[in-house]
Amino acid sequence: MPGTPLTTCFLPSVAAVDRGQWDRLYGMYAEGFDFRVACEAAPPKAVKFSAAGVFNETTLVAGVPLFQAEFRLDMPLQGRFERVSAWLDRNLHRYVCLPVLAAGSPYTDELGLAIDPALDMAGRSQALERLIIDMLARARAPETVADLIALKDVSDAQAVWADPILRRFGFTRVATLPVAILPLPFKNEAEYIASLTQNQRSNLRRKLKKAQRVRAEVRDSIAGLEQQIAELREATRLQAGVDYGDFEQVAPGYFAEVMRRMPGNARALLYWLDGELVGFSLVFLEPRRMIFQYVGMRYPAAREHGVYFLNWMTMVRICLELGIEELRAGQTTYVTKCRLGCRLERTWIYFRHRVPAYNLLCRVLKSLFAIDRIDPDLKALGKEAPYFEPQAATSSEQQVQTGVVAVHIARKRAFNSR
């Protein structure tokens, strides 16, 4: 593709481009076209979704979801620094809360950059360069007017090849929350449990014993439960102790939209105690991995009855049954997840202020904006946090080889018959 002129189109919705073009780029990636349409139908408060597509004439060669929101530079000032944050908000709000045009989504922990798997490294770089140039111009447009341009949740694998390009355009990166990943090279549940430490095996058995009265259920519909599930999610968010602002809000209609639009990929795992819904999780299925998207608990019943650990083992059992090799277990709760066998994948936010002088100041102060520094579990793990070593992606990060599509269909049929 070198020498071919590319153009970027900013789209009000991913649906503005034929889904066949998105499917060609995303492959079997669960958070593809249907997921993006569901997100657009239920945006978080104060968030506006859109998309960008890079075209070679009429062919989509790269695409990414976009959103506009406010980014609070004082987000790391929590705990004993909350008074400082409140003062900054009252007196310097315009300089602390910056409008941002970002690639990615507040609903995911992956950037969601889809690139034609047929592109070589030169073609991939050319597509990213075109996207960045046009995002910078878009941020200055009257319909946008964003102070910050950002790429949210760039994985280590993406950063290996994208970092030099982004730095050339003046972007700075800071660490955001890593993603916990559980490899599952096990034949059965017994092998997985045997891989844990003796203390953790004993702890897991104790927690599961507490959960004996809890009934687990797998559903492809949450009809009639939408309000309860939204309330459980909000209760769990309020337990976190760290406020991530607009980036952790979930619209009340989100879960219903996802379940309705993703019947082949989305499942709700529900947990009942004496007829009362005390927990749920939302998971997405792909050929080789499960994505643990959201969890919600009713307190204190869920804690007293080990619902979190029952949910964990339910996900592990489903993965082992379907031959899924990896559980992408999301962000936060790192101490528990690492004890259960997870390792951590670093992710990054790349950002640039559209005013050069402010951009220079952001670069000087970048360590103050690192989101991973405010998570209590990461602080507790310290240098013992088990991070993966970064490895370059050899193809589009989301593209699944076509040879496994038939296997994926068979697995979905098996899961549907549960």
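Residues numbered from 1 in each chain as written. Predicted model: local features only at pLDDT ≥ 70, side-chain atom pairs only at ≥ 80, totals over all residues. Heavy atoms only, no water.

This brings us to the pattern of salt bridges. What the rule picks out here adds up to 23 salt bridges. Between Arg-289 and Glu-110 there is a salt bridge, with its nearest N and O atoms 3.0 Å apart. Placement of Arg-289 in strand β12 (residues 289-297) and of Glu-110 in the loop between β4 (97-103) and β5 (114-115) is noted, with a sequence separation of 179 residues between them. The class for Arg-289 is buried, based on a relative accessible area of 11%. Relative accessible area serves as the criterion here: at 5%, Glu-110 is assigned to the buried category. In this structure, the salt-bridge partner of Arg-289 is Glu-286, at a minimum N-O distance of 2.6 Å. The pair formed by Arg-289 and Glu-286 is uniform in burial state, with each residue classed as buried. Linked by salt bridges that have partners in common, Asp-109, Glu-110, Glu-286, Arg-289, Arg-328 and Glu-345 make up one network. (Salt bridge = Lys/Arg side-chain N within 4 Å of Asp/Glu carboxyl O. Helix = DSSP H or I, 4+ residues; strand = E, 2+ residues; numbered from the N terminus. Buried < 20%, exposed > 50% of the residue type's maximum accessible area, 1.4 Å probe, protein only.)

In terms of nonpolar packing, the biggest core is built from 48 residues, with Tyr-192, Trp-312 and Leu-327 touching the most fellow members. The element that contributes the greatest number of residues to this core is helix α12 (residues 307-322), accounting for twelve residues. In this structure, Trp-312 is in contact with Leu-182, Tyr-192, Leu-327, Ala-329, Lys-337, Leu-340 and Cys-342, ignoring residues within four places of it in sequence. Residues Ala-69, Val-250, Phe-255 and Val-258 belong to the second largest nonpolar core, which totals 41 residues. (Core = buried A, V, L, I, M, F, W, Y, C linked by side-chain atoms within 4.5 Å. Contact = heavy atoms within 4.5 Å.)

Time to look at a nonpolar patch on the surface. Residues Leu-360, Leu-361, Val-364 and Leu-365 make up a contiguous nonpolar surface patch of roughly 370 Å² in combined accessible area. Within the secondary structure, Val-364 sits in helix α14 (residues 356-364). In this structure Val-364 comes out as exposed when scored by relative accessible area, which is 60%. (Patch = residues over 30% accessible without salt bridge, like charges linked within 9 Å, V, L, I, M, F, W, Y side chains within 5 Å. Areas by Shrake-Rupley, 256 points an atom, 1.4 Å probe, with all protein chains shown as cover.)

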